[in-house]
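Residues per chain, in single letters:
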Amino acid sequence: MKVGIVGFSGSGKSTVFHWLTGVRPDPAKSQTGQTGIARIPDPRLDWLSAHFQPRKTTPATLEFLDTPGLLATERRDNPRRLGILREAGGLLVVLNGFNEPDLASQLRRFREELMFADLEIVSNRISRLKDQLRKPRPAKQKEADEQELALLQRIAAAFEASPLSLPDSGGGKGGAAALGLKDDEEKAIRSFQLLTLKPEQVLVHLGEDRLNQPLPDELLALAPDALAAPAKLEMELHELPEDDRQMFMTDLGLTGFIRDEVLRKIFAAMGQIVFFTVGEDECRAWSIPKGADAVTGAGQIHTDLARGFVRAEVVSYEDFQRVGSMKEAKTHGVYRLEGKSYIVQDGDIMHILAST
Ligand SMILES: Nc1nc2c(ncn2[C@@H]2O[C@H](COP(=O)(O)OP(=O)(O)O)[C@@H](O)[C@H]2O)c(=O)[nH]1
Ligand SMILES: [Mg+2]
């Protein structure tokens, strides 16, 4: 899954990108966007790997896209600047917590830009539909257009009412997300790739002076699950020799690095879970959307496995860890055979049986 790193220019996005992926930001790509892969650390995969001693261990990943960011002053260019994010599956919103005091207002301004960009897309489509409806066309097509028009007008009205100020607009997220669209409605507008409908994680990039301070309530009212991390400081500490590092961390009141935990939280916020495949060849964590079925999981491994899917052998990680082997799992009754429509659970160890 691709996660777009967004926020205003200078909020520390490229620093966060470097911190999460280990990929050094390339100035030549700063205007077009740069991608890098982050491996999602998982203690469960570590345990499985120690257990099976496979030749290869492969964690789940997220692909991050560092973007140029928005301009606080020349706002007219922002919808174009946001265009690069349309294909992203989710957004990591980076707020400047090192030299801007008002985090809540930063987030509010950022969300306004997102809504503005979405509104532009929705409004354009509304005009086009209205034009189309004036022309003589088959009744069936007219009906479909009218339905789409009504839905888009509802969305446009929601944007214009600026639901950011309403207390019950999905944690303040606002935009199209605040409407609580039904599944078929969401499907109908999926091709517009509205930014306000994408899963979002807010990350405050902390400066040294804000360490160990709680996030302000006003920000948490807008983004209850906001995370805070001293991304730049962590990278700098990481480069120090062990002894110095310990001393500095103690001085700063830091107990450890939080990058791994932040990655796991972003992963979950993007609506992803993992299932494992295990063996002497490879132990691997696979990423799939929460709520996906076993065939979708099989398809992640190989399209042939989805096509020829017969059954999935499933043991939960916790059960496996407790009993210690597939054989024991069978005798303890925690081994299951599941069909195509089985909803994969986070931490399932799966073996797909397929006919080829
Ligand atoms: N003081 C301070 N400066 C930072 C911190 N993180 C980033 N910066 C600086 O802020 C500027 C913008 O950072 P950058 O990551 O390029 O932001 P971007 O424009 O959002 O990609 C750079 O000069 C960074 O060195 C921080 O934690 N503390
Ligand atoms: Mg940058």
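Here's a quick rundown of the structure. None of the values given here were measured: they were computed from a predicted structure.

### Let's talk about the overall build of the protein
Consideration 1: When its secondary structure is counted, the protein shows 14 helices and twelve strands.
Consideration 2: With the principal axes as the frame, the protein shows a C-alpha extent of 70 × 60 × 40 Å.
Consideration 3: When burial is assessed residue by residue, the protein has 34% of its 356 residues classed as buried.

### Side note on the site of ligand 1
Consideration 1: In the region of ligand 1, 13 residues are neighbours, and K13, S14, T15, F98 and K232 sit closest.
Consideration 2: The element that contributes the greatest number of residues to the shell around ligand 1 is helix 1 (residues 13-21), accounting for three residues.
Consideration 3: By residue class, the composition of the shell around ligand 1 is one nonpolar, ten polar and two charged.

### Brief notes about the sheet that holds strand 5 (residues 90-97)
Consideration 1: With mixed pairing, the six strands of this open sheet are ordered in space as 2-4-1-5-6-7. With one partner strand each, in any of the chains shown, strand 2 (34-39) and strand 7 (227-229) form the two edges of the open sheet. Across the sheet, the mean angle separating the axes of adjacent strands is 30° when strand polarity is ignored.
Consideration 2: Against the sheet, helix 1 makes contact with strand 1 (2-6), strand 2, strand 4 (61-66), strand 5 and strand 6 (200-206), and its axis sits at roughly 155° relative to strand 4, the strand it touches most.
Consideration 3: Helix-sheet contacts for helix 4 (residues 103-134) involve strand 5 and strand 6, and the interaxial angle to strand 5 is about 145°.

### Concerning the packing of helix 4 against helix 5 (residues 139-160)
Consideration 1: It is at 9 Å that the axes of helix 4 and helix 5 come closest, and there the two elements cross at 150°. Relative to helix 5, helix 4 is oriented roughly antiparallel. Crossing angle aside, the handedness with which helix 4 passes helix 5 is left-handed. On the side of helix 4, the interface is formed by M115, D118, L119, V122, S123, R125, I126, L129, Q132 and L133, while helix 5 contributes K142, D145, E146, E148, L149, L152, Q153, I155, A156 and F159.
Consideration 2: Classifying every residue of the contact of helix 4 with helix 5 gives eleven nonpolar, three polar and six charged.

### A closer look at the packing of helix 1 against helix 8 (residues 231-238)
Consideration 1: Relative orientation of the contacting elements helix 1 and helix 8 amounts to 45°, with a least axis distance of 9 Å. Taken together, helix 1 and helix 8 sit at an angle that is classed as oblique. Where helix 1 crosses over helix 8, the handedness of that crossing is left-handed. Contacts between helix 1 and helix 8 pair T15, V16, H18 and W19 from the former with A231, K232, E234 and M235 from the latter.
Consideration 2: Taken together, the residues of the contact of helix 1 with helix 8 sort by class into four nonpolar, two polar and two charged.

### Quick notes on the pairing of strand 6
Consideration 1: Counting buried positions along strand 6 yields seven of seven residues, so the element is predominantly enclosed.
Consideration 2: Going residue by residue along strand 6, you find E200, V202, V204 and L206 tucked away on one face and Q201, L203 and H205 tucked away on the opposite face as well.
Consideration 3: Pairing geometry for strand 5 and strand 6, over seven bridges, is parallel. The partner of V94 across the bridge, within strand 6, is L203.
Consideration 4: When strand 6 meets strand 7, the two strands line up parallel, connected through three bridges. Across the sheet, L203 pairs through a bridge with L227, a residue of strand 7.
Consideration 5: Chirality of the crossover, the property in question, places the unit of strand 6, helix 7 (residues 217-222) and strand 7 among those that are right-handed.

### Structural notes on the nonpolar core
Consideration 1: Judged by nonpolar contacts, the single largest core of 56 residues is most densely connected at V3, L92 and V93.
Consideration 2: Grouped together as the second largest cluster of nonpolar side chains are 25 residues, F275, A285, I288 and V314 included.

### Describing helix 9 (residues 242-252)
Each full turn of the α-helix corresponds to 3.6 residues, which orients residues three or four apart in the same direction.
Consideration 1: Counted residue by residue, helix 9 has zero buried out of eleven residues, so it is predominantly exposed.
Consideration 2: Positive phi appears at G253, one or two residues downstream of helix 9, with a value of about 75°.

### A word on the pairing of strand 8 (residues 272-277)
Consideration 1: Judged by how many residues are buried, strand 8 sits mostly within the fold: five of six residues are covered.
Consideration 2: Sheet analysis places strand 8 next to strand 9 (residues 282-289), joined by six bridges and oriented antiparallel. Residue pairing for strand 9: V274 is matched across the bridge by S287.
Consideration 3: Counted between consecutive antiparallel strands, the loop separating strand 8 from strand 9 contains four residues.

Calculation notes
Along each chain, residue indices are assigned from 1 in the same order as the chain's sequence is written. Each chain takes a letter, starting from A, and each ligand takes a number, starting from 1, following the order in which they are written. Reporting in this predicted model follows two pLDDT cut-offs: at least 70 for local features of residues, and 80 or more for side-chain atom pairs to be given and counted; totals over whole chains, interfaces and linings ignore these cut-offs and use all residues. Strands here mean DSSP runs of E at least two residues long; helices mean DSSP runs of H or I at least four residues long; both are numbered from the N terminus. Field definition: a residue is buried when 20 or more other C-beta atoms are found within 10 Å of its C-beta, exposed when 12 or fewer are, and partly exposed for counts in between, with C-beta atoms placed from the backbone. Each residue gets a C-beta atom placed from its backbone. If that atom is within 6 Å of a molecule or strand, the residue is near it. Gly falls in the polar group here, along with every residue not listed as nonpolar (Ala, Val, Leu, Ile, Met, Phe, Trp, Tyr, Cys, Pro) or charged (Asp, Glu, Lys, Arg). Pairing between two strands requires that DSSP report at least two bridges joining them. As a rule, the C-alpha atoms of each element are fitted with a line to give its axis, helices using only the stretch in contact, and angles between N-to-C directions run from 0 to 180 degrees. Contacts are defined on C-beta atoms placed from the backbone: any two residues whose C-beta positions lie within 7 Å are in contact. Put simply, angles under 35 degrees are roughly parallel, angles over 145 are roughly antiparallel, angles from 65 to 115 are roughly perpendicular, and the rest are oblique. Note on convention: the crossing is left-handed when the near helix lies turned anticlockwise from the far helix by less than a right angle, right-handed when the turn is clockwise. Handedness of a crossover is defined as follows: with both strands directed away from the viewer, a clockwise route from the first strand across the helix to the second makes it right-handed. For this analysis, nonpolar core means a set of buried Ala, Val, Leu, Ile, Met, Phe, Trp, Tyr and Cys residues linked through C-beta atoms within 7 Å.

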